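# Geometric and topological summary
Each chain, letter by letter, is given below.
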Amino acid sequence: MEDSLCSLCPRKCKIDRRTERGYCGASLLPTVSKAMLHKWEEPCICYGSGSGAVFFSGCQLRCVFCQNHKISKNLLGKEMDSEELCNLFLSLQDHGACNINLVSPTPYINTIALALSKAKSKGLTIPTIFNSGGYESIETLKTLDGLIDVYLPDFKFYSPELSRKYAKAGDYAERTLEAILEMYRQVGKPLKSGDYLLKGVIVRHLVLPGCTSDSVEILNLLANKFPKNGLILSLMRQYTPMADAKDFPELSRCITTLEYNRVVKEAKKLEFTDVYTQSKQSVGEEYVPDFSTFFDEKN
């Protein structure tokens, strides 16, 4: 059962989730909006039948451009206890998932940790992935030490002004850097079997329109804090104006090729050894999962 007075994320809202929803919108039990075999992730974590993605509803951030806004702002889906989650993980493995990909899991970490422990004792052998917005507390991440094989955090903003304006989290960069350092402490440098990632940290960065200087600051920060081969970078070009982005004129367009290339060029200049990039074809709402169905083997 989750701690009722919640302090799982840096907001530490101290809401009693037995009777109220936390800042993230979450109640006590995990709400799972979708489980699917996901084929649109980075190639090193998405092969064969696909990544076994489990999407949780609610989020501790308030990103105005969130592509999963239908579930991040609304508690859509099924409430599941640790036993039900355990069975879901094992079912995804049985369906051929190459890993268990926990998407936005932070509000439910205690129950998820218990479910992972149960699943591993019952035969879960595929890698586990913690896929989050990056805004995490070190204390909470430490409860996952030994349970997570791959950490997949975003690093969205460097500027406190941008993170405050677009995600209502002025301390985002500070907290996210601390979190990634803890993730790296737990799993270390990437460990692969051929092209497939078994262990390590992938840092995603979504390039936003008009914000390439912020992107460059993030890359330089990571280069100064980690070995060049310590992280895998995923530089995303897929920004599509969605959710409340329409209320911010500067976010109402996709990024240009010039903007994206500036960020990619900086990553090369800093000599990161493992970098994923995206083409123009990655832009569009058709890549957002369909949250109207619970389980999907096709995507």
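Throughout what follows, the structure given in this document is the object of discussion. The structure displayed is predicted, hence computed values, not measured ones.

The next thing to look at is the pairing of strand 2 (residues 51–56). Counting buried positions along strand 2 yields six of six residues, so the element is predominantly enclosed. Burial along strand 2 is two-sided: the residues Ser-51, Ala-53 and Phe-55 and Gly-52, Val-54 and Phe-56 are all buried. Sheet analysis places strand 2 next to strand 4 (residues 100–103), joined by four bridges and oriented parallel. What sits directly across from Val-54, in strand 4, is Leu-102.

For the rest of this paragraph, the subject is the packing of helix 7 (residues 212–225) against helix 8 (residues 257–269). It is at 10 Å that the axes of helix 7 and helix 8 come closest, and there the two elements cross at 15°. Taken together, the axis directions place helix 7 and helix 8 in an arrangement best described as roughly parallel. Considering only the axes of helix 7 and helix 8, their crossing is right-handed. For the pair helix 7 and helix 8, contact is made by Thr-212, Ser-213, Ser-215, Val-216, Leu-219 and Asn-220 and by Glu-259, Arg-262, Val-263, Glu-266 and Ala-267, respectively. Grouping the amino acids of the contact of helix 7 with helix 8 by side-chain chemistry returns four nonpolar, four polar and three charged.

Considering all chains together, one arrives at twelve aromatic pairs under this definition. Summarising the aromatic geometry, the rings of Phe-65 and Tyr-239 are spaced 6.0 Å apart at their centres and angled 75° between planes, so their arrangement reads as edge-to-face. Here the residue Phe-65 occupies a position in the loop between strand 2 and helix 1 (69–72), and Tyr-239 occupies one in the loop between strand 9 (232–236) and helix 8, the gap between them amounting to 174 residues. Take Phe-65: its relative accessible area is 7%, and that puts it in the buried class. An aromatic cluster of three or more residues is present, and its members are Phe-65, Tyr-135, Phe-155, Phe-157, Tyr-166, Tyr-172, Tyr-239 and Phe-248. Its guanidinium or amino end placed over the ring of Tyr-23, Arg-62 lies 4.2 Å from that ring's centre, counting from NZ or CZ.

This part covers the layout of surface pockets. In this structure, the largest pocket spans a volume of roughly 1,100 Å³. Contributing to the lining of the largest pocket are 45 residues, with Gln-67, Asn-68, Arg-204, Met-236 and Gln-238 lying nearest its centre. Residue composition of the lining of the largest pocket, grouped by class: 20 nonpolar, 17 polar and eight charged.

In this section: empty space enclosed by the protein. Applying the stated criterion across every chain yields a total of two cavities of 30 Å³ or more. If you add up the space inside the largest cavity, you get close to 100 Å³. Forming the walls of the largest cavity are 14 residues, and the residues nearest its centre are Cys-6, Cys-9, Cys-13, Cys-24 and Gln-60. Here the second largest cavity is characterised by a volume of approximately 30 Å³. Taken together, Lys-156, Phe-157, Leu-162, His-205, Leu-206, Leu-208, Cys-211, Asp-214 and Ser-215 make up the full set of residues lining the second largest cavity. Put simply, the parts of the chain that give the lining of the second largest cavity at least two residues each are strand 8 (196–206) and helix 7.

Basis of the calculations
Residues numbered from 1 in each chain as written. Predicted model: local features only at pLDDT ≥ 70, side-chain atom pairs only at ≥ 80, totals over all residues. Heavy atoms only, no water. Buried < 20%, exposed > 50% of the residue type's maximum accessible area, 1.4 Å probe, protein only. Helix = DSSP H or I, 4+ residues; strand = E, 2+ residues; numbered from the N terminus. Pairing = 2+ DSSP bridges. Axes fitted to C-alpha atoms, helices over the stretch in contact; angles between N-to-C directions. Parallel < 35°, antiparallel > 145°, perpendicular 65-115°, else oblique. Left-handed = near helix turned anticlockwise from the far one by under 90°. Contact = heavy atoms within 4.5 Å. Nonpolar A, V, L, I, M, F, W, Y, C, P; charged D, E, K, R; others polar. Phe/Tyr/Trp six-rings, centres within 6.5 Å; stacked < 30°, edge-to-face > 60°. Lys NZ or Arg CZ within 6 Å of the ring centre and 35° of its normal. 1 Å grid on protein atoms, 1.4 Å probe; cavity = no way out; pocket = protein on both sides within 12 Å on 5 of 7 lines; lining within 4 Å. Points joined across faces, edges and corners; volume = space filled by probe spheres on them.

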